[in-house]
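Below, each chain spelled out in residue letters.
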Amino acid sequence: MENAQLISLSRQMALQRQMDVVANNMANVNTTGFKAEKLLFEQYVMPVARDRDFPGQDQPLSYVQDWATLHDLRGGAITQTGNPLDAALNGDGFFAVQTAAGERWTKSGSFQIDNSGTLVDLSGNPVLGEGGPIQFSPDEGDISIGANGAISTSAGIKGKLKIVEFANAQALTREGSNLYAGGTPQPNAKTTVTQGAIERSNVTGVSEMADMIRVTRSYESIAQIMQRQDEMRQSAIQRLGAASV
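Residues numbered from 1 in each chain as written. Predicted model: local features only at pLDDT ≥ 70, side-chain atom pairs only at ≥ 80, totals over all residues. Heavy atoms only, no water.

Going by this rule: UniProt positions are given in the numbering used here, feature names are shortened, and annotations may be inferred rather than shown by experiment.
Looking at an unreviewed UniProt entry, the chain carries the name Flagellar basal-body rod protein FlgF, with the source organism given as Devosia algicola. The UniProt entry for the chain carries the following text under Sequence similarities (unreviewed entry): "Belongs to the flagella basal body rod proteins family." Its UniProt record gives the chain a comment under Subunit (unreviewed entry), which states: "The basal body constitutes a major portion of the flagellar organelle and consists of five rings (E,L,P,S, and M) mounted on a central rod. The rod consists of about 26 subunits of FlgG in the distal portion, and FlgB, FlgC and FlgF are thought to build up the proximal portion of the rod with about 6 subunits each."

The structure is reproduced here in C-alpha cells:
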C-alpha cells in the first residue's frame, strides 16, 4: 500500500511539472517568436520494493520521472506588419543580442531604435551585427533589411545582422525575455530574413487548453486514488487493532 502511494505521488509531481510547462505555453500564445515546450517522461524502475519484508522475490516498482524539456522549434506564422524594423526569420536561425550576461539568442524580430541610435530588442538589449551592435544617426532614413540580413539606410550600409544556427538546438536553455542561452553557435547557412514582418508564436491555444484539461483530470484522478488508498490503510489499522484486543 505504501508503494502504491509513492508511485502515485511520483506521477502527481510529474503532472505538476507538466502543468507548469503548459501554463507557460498558454501565457505566451501571443509572444512574438515564442517556441512552445513539451515535457518528456521516462519510467524509473526501482529494483527492490520498499516495505516488502515478507518472504518472496522482490518486486520491481515503476515510477514516473520527468526526464527532459523539449523545445518545439517549428516555425510560427509569418505576419506582415509594415514596420521596417521588424524582421522575421525563415529557417532554423536565431538573432543574436547582447545582454549583461553575454550573448543570447532569440527568434523575436520586433526591433526598435533607442535614444542612443542603437538597434535593440523589446527588452532594450542591443541587436548584434557581425561587427557588433548596429548604430543609426538621427538623420538616417529608408531603412532596408535584405534577405541575408544586410542593413542599409539613406547613409549607406550599416552592417549585417548576426544570425546563428545550431547543430543541436535542443541543447539551448530557455531564459527570461524570450531568450535562449548555451549551445554552440554556427554561421548562418540557410536562414533568410523577411523585413516588415514578425514570426508569431507557434503555440496552438486550443491544443494547449486541451492538454491543460487532460493534465488537470489526471491529477484529480490520482488524488482520488491516493485518498482511497489512505482509507484502505485506516480500515486495515482499525481491523488489526480490533483483532488484537
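**Describing the packing of aromatic side chains**
Here is the rule we go by: Here a Phe, Tyr or Trp ring, Trp counted by its six-membered ring, pairs with any other such ring whose centre lies within 6.5 Å, and the pair is stacked when the planes are under 30 degrees apart, edge-to-face when over 60, and tilted otherwise. Elements are defined by DSSP. Helices are runs of H or I of four residues or more, strands are runs of E of two residues or more, and each kind is numbered from the N terminus. Burial classification: accessible surface area is computed with a 1.4 Å probe over protein chains only, and a residue below 20% of its type maximum counts as buried, one above 50% as exposed, and the rest as partly exposed.
Enumeration over the complete set of coordinates arrives at 4 aromatic pairs. With a centroid separation of 5.6 Å and 80° between ring planes, the pair formed by Phe94 and Phe166 is classed as edge-to-face. Highlighted residues: Phe94 in strand 5 (residues 94-99) and Phe166 in the loop between strand 14 (163-165) and strand 15 (173-175), separated in sequence by 72 residues. With respect to burial, Phe94 and Phe166 carry one shared label: buried. Between Trp105 and Phe166, the ring centres sit 5.7 Å apart and the planes meet at 65°, which makes this aromatic pair edge-to-face. Of this pair, Trp105 sits in strand 6 (residues 102-106) while Phe166 sits in the loop between strand 14 and strand 15; the two residues are 61 residues apart in sequence, bridging distant segments of the chain. For Trp105, a relative accessible area of 5% corresponds to the buried category.

**As for the side chain of Thr118**
The cut-off we apply is this: In protein, a polar contact requires one atom able to donate a hydrogen and another able to accept it; more generally it is a pair of N or O atoms within 3.5 Å, and residues adjacent in sequence count only if both atoms are side-chain atoms. Note on contacts: a residue pair qualifies if any of its non-hydrogen atoms lie within 4.5 Å across the two residues.
As for its position among the elements, Thr118 is in the loop between strand 7 (112-113) and strand 8 (119-120). Taking the relative accessible area as the measure of exposure, Thr118 reaches 8% and is therefore buried. At 2.4 Å, the side chain of Thr118 forms a polar contact with the side chain of Gln135. Not counting residues up to four positions away in its chain, the partners in contact with Thr118 are Gln112, Ile113, Pro126, Pro133, Ile134 and Gln135.

**Description of the environment of Leu40**
Tracing the sequence through the fold places Leu40 in strand 1 (residues 37-46). In sequence terms Leu40 and Ala14 are 26 residues apart; their C-alpha atoms lie 9.8 Å from each other.

**Points about unusual backbone geometry**
A positive phi angle, near 55°, is found at Asp142, a position not held by glycine. Structurally, Asp142 can be placed in the loop between strand 10 (132-133) and strand 11 (144-145). Within the chain, Ser177 stands out as a residue other than glycine whose phi angle is a positive 60°. Position of Ser177 relative to the elements: it lies in the loop between strand 15 and strand 16 (179-181).

**Points about the side chain of Asn28**
Note that Asn28 resides in the loop between helix 1 (2-27) and strand 1. Residue classification places Asn28 among the buried residues on the basis of a relative accessible area of 16%. One polar contact links the side chain of Asn28 to the main-chain carbonyl oxygen of Asn24, over a distance of 2.8 Å. When sequence neighbours within four positions are dropped, the list of residues in contact with Asn28 reads Phe34 and Ser201.

**Topic: the nonpolar core**
Condition: Here, the term nonpolar core denotes a set of buried Ala, Val, Leu, Ile, Met, Phe, Trp, Tyr and Cys residues that are joined through side-chain atoms within 4.5 Å.
Counting 16 residues, the largest nonpolar core has Phe95, Leu119, Ile151 and Leu161 as its most contacted members. Mapped by element, the contributors of at least two residues to this core are strand 4 (87-90) and strand 5. Not counting the four nearest positions on each side in its chain, Ile151 is found in contact with Leu119, Ile134, Phe136, Ile143, Ser144, Ile145, Gly156, Ile157, Lys158, Gly159, Lys160 and Leu161. Of all hydrophobic cores here, the second largest spans 9 residues; its members include Phe94, Ala96, Leu128 and Ala169.

**Some thoughts on the pattern of salt bridges**
Our working definition: For salt bridges, the criterion is a side-chain nitrogen of Lys or Arg within 4 Å of an Asp or Glu carboxyl oxygen.
Summed over all chains, the structure comprises 9 salt bridges. In this structure, Asp72 engages Arg74 in a salt bridge whose closest nitrogen and oxygen atoms are separated by 2.7 Å. A salt bridge links Glu140 to Lys158, with the shortest nitrogen-to-oxygen separation between them at 3.1 Å. Here Glu140, found in the loop between strand 10 and strand 11, pairs with Lys158, found in strand 13 (residues 156-160); they are 18 residues apart in sequence, far enough to count as distant. Classification of Lys158 by relative accessible area gives partly exposed; the value is 28%. Three or more residues are tied together by salt bridges with common partners; here these are Lys38, Glu208, Asp211 and Arg214.

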